[in-house]
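# Structural description and commentary
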Amino acid sequence: MRPRVKSALLWGVVGLLAFLVAVQGYQLVVGPFPASIPVVGAIAVGVGLLTAGVAYATEHRLRTKGRT
């Protein structure tokens, strides 16, 4: 696996887990989340995919500017 793809996938996992932590924080502070568990899981997967896509798309641009 190419390092750029591996990095993007790992960022996707970070995004997915960060969303799930935010949902748990919401539940602790406010109360029950207004969506069911499968819906929250689907949104978390979507956030992870979006994060991985953005990480993959922007890593090359940041590297060419010397910021990574």
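This brings us to the side chain of Glu-59. Along the polypeptide, Glu-59 turns up in helix H2 (residues 37-64). Using a relative accessible area of 15% as the deciding quantity, one classes Glu-59 as buried. In contact with Glu-59, other than residues within four places in its own chain, are Arg-4 and Ser-7.

You can see Leu-17 is positioned in helix H1 (residues 3-29). Considered as a pair, Leu-17 and Gly-48 are 31 residues apart in the sequence and their alpha carbons are 8.1 Å apart.

Here we come to the environment of Met-1. Structurally, the position occupied by Met-1 is in the segment before H1. If near-sequence neighbours (up to four positions away) are discounted, Met-1 is found in contact with Lys-6 and Leu-9.

Mapping Phe-19 onto the fold places it in helix H1. Between the C-alpha atoms of Phe-19 and Val-47, which are 28 residues apart in sequence, the distance is 7.3 Å. Aside from chain neighbours lying at most four places away, what touches Phe-19 is Val-40, Ile-43, Ala-44 and Val-47.

As a further point, take the packing of aromatic side chains. Applying the stated criterion across every chain, the model contains one aromatic pair. Ring geometry for Tyr-26 versus Phe-33: centroids 5.3 Å apart, planes at 85°, classification edge-to-face. We classify Tyr-26 as partly exposed; its relative accessible area is 33%. Accessibility expressed as a relative area gives 24% for Phe-33, which makes it partly exposed. A cation sits over an aromatic face here: Arg-4 above Tyr-56, 4.1 Å from the ring centre.

On to H1. Here H1 is 27 residues long and its end C-alpha atoms lie 39 Å apart, about the 39 Å a rise of 1.5 Å per residue gives. Within the sequence span of H1, burial applies to Ala-8, Gly-12, Gly-15, Phe-19 and Val-23. Two residues or fewer after H1 comes Gly-31, characterised by a positive phi angle close to 145°.

Quick notes on the rules
Residues numbered from 1 in each chain as written. Predicted model: local features only at pLDDT ≥ 70, side-chain atom pairs only at ≥ 80, totals over all residues. Heavy atoms only, no water. Helix = DSSP H or I, 4+ residues; strand = E, 2+ residues; numbered from the N terminus. Buried < 20%, exposed > 50% of the residue type's maximum accessible area, 1.4 Å probe, protein only. Contact = heavy atoms within 4.5 Å. Phe/Tyr/Trp six-rings, centres within 6.5 Å; stacked < 30°, edge-to-face > 60°. Lys NZ or Arg CZ within 6 Å of the ring centre and 35° of its normal. Expected span 1.5 Å × (residues − 1).

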